[in-house]
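Take a look at the letters that make up each chain.
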Amino acid sequence: MYKLMLATRYFFKRRINLLAMAAIALCVFIVVVVMSVMIGLVSDFKEKNHSYSGDCVIHSDSLVGFAYYEDFVSELEGEKFACGVSPVIDGFGLMRRPGYEDNIGLQIRGVDPVKHSAATGFGDTLYYHKDNPEKAFENIYEPNLPGSVIGVSIIYKSGSFGEYDHFPVPRDLKFEITCFPLNAKGGLARGGADPTSTKVFVNSDDTHSGLVKVDGGMIYLPFDEAQSMFEMGWPIKRINSIHIKFSKGVSADEGMAKVAAMWAKHVERNKDKTYANLFDNVSVEDWFRYRREIIAPMEKEQTMLTILFAMLGIITVFVIFVVFYMIIGHKTRDIGIMRSIGVSSWSVVSIFLLFAGMVGVVGSAIGASAGCSFLVKINDMEDWLFENYEWQLWNREIYAIGEIPHDIEFNVIAVIVACAIGAALLGAFVPAVQAGFKRPVEVLQVNQV
Amino acid sequence: MKHLSFFLCFKYLCRKKIVLLSIASVAMCCGLLIVVSSLFSGFIAAVENSASENMGDVVIDPYGSMRVPDYDELISELEKVDVVEAATAVLSSNGGLLFLGKGNVRAVLLWGIEVGRRDAVSPFSKYLVGSGGVDIGDEVAVGYVGIGVVAKPDAVTDEYDYDEVGEFVGRKVRLTTAVSGSDKPRRITFHIADISQTGVHQFDSNFVYMPIEELSEQLYPGKGKIADMIQIKLVGGADEEAAVDKIRGVWREFGKKKKLDWASPLDVETSRLKQARLIGEYRKQMGMLMLIFGVVSGGVILLIFCIFYLIVMTKIKDIAIIKSCGLGSSGVAVLFVFFGLVVGVAGSGFGILIGWLMTKNINAVEAWVSSALGLNLWKSSTYMFSRIPNVVYWDYVYWIAGAAIVAAALGALVPAIAASRVRPVRILRYE
């Protein structure tokens, strides 16, 4: 009890500890704000990639794809653990608007809109058919031509806050898509002077996934049309990937294990068939591994930022060290008296560590509260700065970011606060130990007093 | 006597080992800020330079899809301008689809270039990997392909396998693209003469180059030599704005002579200006990062304050003795502030050294981290360039060092005032 009483007394009586608290509060404030925004950006990016991919993806590394997928898709659809299964055609093509010269290379993805919406977040990214994705490829201009869903950034320019101003109905646009169809051996499916396949599609909707490469470089076509254009329907039907969503209550590990086992059996069953060699390029991956190449750089930046803050945090440890060194320097007589009446060395150490803990708790509480308040208002502040000074943290016409992430992640804050308290204890440890092991006979001799 | 007091006081300060802590803190913050500012500035400069290096200093880029006829004539007119060192024509196709081999199709961008004249504007030959040696023959069409189009760098080392890359040289590939005035795509077959590696991800992973004469004939048969962009290199030290004015004059005259109604002065722009918006965003991000680290580094002021206050408290008797020997209050205060400045100078000096060493060897550090921890921090696909810029930007260094010295002096100010207010008669009395 006396330890707590003494630590509390030192905490309230020594004004110098306000400096240590200020150092901790400043550091915690900055780290809470920056890490919350950074973590928000990374989580948001991950979530968008998860939504784009589904929970699990069976995919081929080659554009040639793989065959014998229909039985497997039916088998998966019969399983309770999978609530969405979508076979997908992937490839590259050249898009041109008839009558216009500009043509751009983009990624083509052939999907069944209902199946793909069940397996991924595709349906939610649509603008006009969010509630009825089955009509995503129904165009209102030329019913004889197939529809297409194009990345929103290809046909619209984003506004100051990343928003896109849509017309009440899809824009009357036609896209001429050209691609190189490949045969099952990887060669050009069409010989002669024209090895390409070209078809016109009508704009029926646009997709806003929040992923730059998808919104600015992808067009979705009806599955059958894409399979036909890439000549992946003959002599044997092929696809490039199968996207799977697990039912609620099924963990990612459990679902992945089941899919991997089913796929291994499927490959075994078909290993002697023609084109079974195409299975060699196929992998079964969860969404995170599937998009790892895109997600990893952002995670690395987050790690780098954490390391930089940790380095700067050392200064806070130094501040606490010096403050406690000063405080203990002034409390030598108290320490001597305590030691002389029987208080053990480690008890003295614990008094000062308790004191340091209080400084850490109060400093980090102030910093964390200020950080949370700042986060709550961060978008309002940015709006105000934009309205008055046309200043934005990120120009939304360049970066695919909506609002600045401002969610208060209590786990993150708990870790930061714990680190701050740890830093306070670390900084105070050496002075506390020095205090604890002072010899009363030296401290209380008359020339010291 | 005053000089002796000054000497004694300085000696006391120098003997306090805890001062080293403040020097170390200043050095660490200073070094960190120098590394961050140099790397970020280097990155921004690399973006700007890559545009100049690959597109020339000034570009005539007609709006829309307008084509420049008889570009040789325009180039010879441009080369008469005193600020123009060289100019070259480019014919671009916005997009193409390249079939490289079995199961290997890539979306690419296509440029027709003057192979001979291009080197005067952009070091095209220097970028070629030189994995040629395959006799292609003069009769067939040739092209140059970006290294990232034919291969992927190693996931850990970010290095290309040049043996794998070399296998593409001499290979016959097919490309399809579209042109204005025709609904049918154009198909071009050519042999890969060499592989280009500029070190800029955008060019390496997307671009295919062909001789402009060949590409003009393939895309616009019978229309002669046409280009849709003229890239211009200025003589060293030329004022870009004045140069743009002169080039606009030549462009206007050329437009009149050739009856190009669409030719506009706005077609002429510096390549830096073309990137200005993006560069502005990068600068803003850098400013934010420096501000955040700067605020956190402000903790150094607190640290120096605490250390100097500690010195004042522990050396209060010595200060009293020195004052009693004749050193005035202001002298004591000046001494402490001066010592704060010394700490700032020493700390920032070490910081500059640390920052300089780190920045200069950043590629070696990154390579070591990659090999030791298997963690590839820098990837050209993420950060645009294959090498981390390692130039120290001294403009920032001066500012950072100056701020560190001022911060140290500020930290020492309050303890200096406390020291100056020490009254020898109270401190030195016997009881």
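Residues numbered from 1 in each chain as written. Chains lettered and ligands numbered in written order. Predicted model: local features only at pLDDT ≥ 70, side-chain atom pairs only at ≥ 80, totals over all residues. Heavy atoms only, no water.

1. Thoughts on the overall build of chain A
Turning to step 1, where the next piece is worked out: Each helix and strand counted, chain A has 15 helices and eleven strands in total.
Turning to step 2, where the next piece is worked out: Against the compact-globule benchmark of 22 Å for 449 residues, chain A has a radius of gyration of 31 Å, which places it well outside the compact range.
Turning to step 3, where the next piece is worked out: Each principal axis of the C-alpha distribution contributes one length, and for chain A these read about 105 × 60 × 40 Å.
Turning to step 4, where the next piece is worked out: Buried residues in chain A amount to 53% of all 449 residues. (Helix = DSSP H or I, 4+ residues; strand = E, 2+ residues; numbered from the N terminus. Rg over C-alpha atoms; globule rule 2.2 N^0.38 Å. Buried < 20%, exposed > 50% of the residue type's maximum accessible area, 1.4 Å probe, protein only.)

2. So, the confidence of the model for chain B
Turning to step 1, where the next piece is worked out: Averaged over chain B, the pLDDT score is 84; the fraction of residues at 70 or greater is 90%.
Turning to step 2, where the next piece is worked out: Ranking the helices and strands of chain B by mean pLDDT puts strand E10 (residues 229-234) of chain B first, with 93, and helix H1 (residues 2-15) of chain B last, with 64. (pLDDT = per-residue confidence, 0-100.)

3. Quick notes on the interface of chain B and chain A
Turning to step 1, where the next piece is worked out: Between chain B and chain A, the residue contacts involve 65 residues of the former and 64 residues of the latter.
Turning to step 2, where the next piece is worked out: In total, chain B and chain A occlude about 5200 Å² of area from one another, counting both sides; carbon and sulfur atoms represent 72% of this.
Turning to step 3, where the next piece is worked out: The largest contributions to the chain B side of the interface with chain A come from Met 28, Arg 187 and Val 296 of chain B, which together make up 10% of the buried area.
Turning to step 4, where the next piece is worked out: Joining chain B to chain A, the criterion identifies zero salt bridges.
Turning to step 5, where the next piece is worked out: At the boundary of chain B with chain A, the tally comes to four residue pairs in polar contact (both at pLDDT 80 or more).
Turning to step 6, where the next piece is worked out: Contributing elements (two or more residues each) for the side of chain B that touches chain A: helix H2 (18-55), strand E3 (84-101), strand E4 (104-113), strand E6 (172-177), helix H12 (276-297), helix H13 (299-314) and helix H17 (380-383) of chain B. (Contact = heavy atoms within 4.5 Å. Buried area = accessible area lost by both parts, 1.4 Å probe. Salt bridge = Lys/Arg side-chain N within 4 Å of Asp/Glu carboxyl O. Polar contact = N/O pair within 3.5 Å; in protein donor to acceptor, adjacent residues only side chain to side chain.)

4. Focus on the domain arrangement of chain A
Residues and elements named next belong to chain A.
Turning to step 1, where the next piece is worked out: Its domain assignment divides chain A into domain 1 (2-46 + 295-443) and domain 2 (69-269).
Turning to step 2, where the next piece is worked out: Put simply, the middle of domain 1 and the middle of domain 2, counted by C-alpha atoms, are 49 Å apart.
Turning to step 3, where the next piece is worked out: Taken together, the nine residues of domain 1 in the interface contact nine residues of domain 2.
Turning to step 4, where the next piece is worked out: Of the roughly 700 Å² buried at the junction of domain 1 and domain 2 (both faces included), carbon and sulfur atoms supply 56%.
Turning to step 5, where the next piece is worked out: Interface area lost by domain 1 to domain 2 is led by Arg 396, Glu 397 and Ala 400, which between them contribute 53%.
Turning to step 6, where the next piece is worked out: Taken together, domain 1 and domain 2 are joined by zero salt bridges.
Turning to step 7, where the next piece is worked out: Joining domain 1 to domain 2, the criterion identifies zero residue pairs in polar contact (both at pLDDT 80 or more).
Turning to step 8, where the next piece is worked out: Per-element accounting of the side of domain 1 that touches domain 2 gives the leading share, three residues, to helix H13 (residues 345-389).
Turning to step 9, where the next piece is worked out: Class assignment for the residues of the side of domain 1 that touches domain 2 results in three nonpolar, two polar and four charged. (Domains from an automatic or database assignment. Nonpolar A, V, L, I, M, F, W, Y, C, P; charged D, E, K, R; others polar.)

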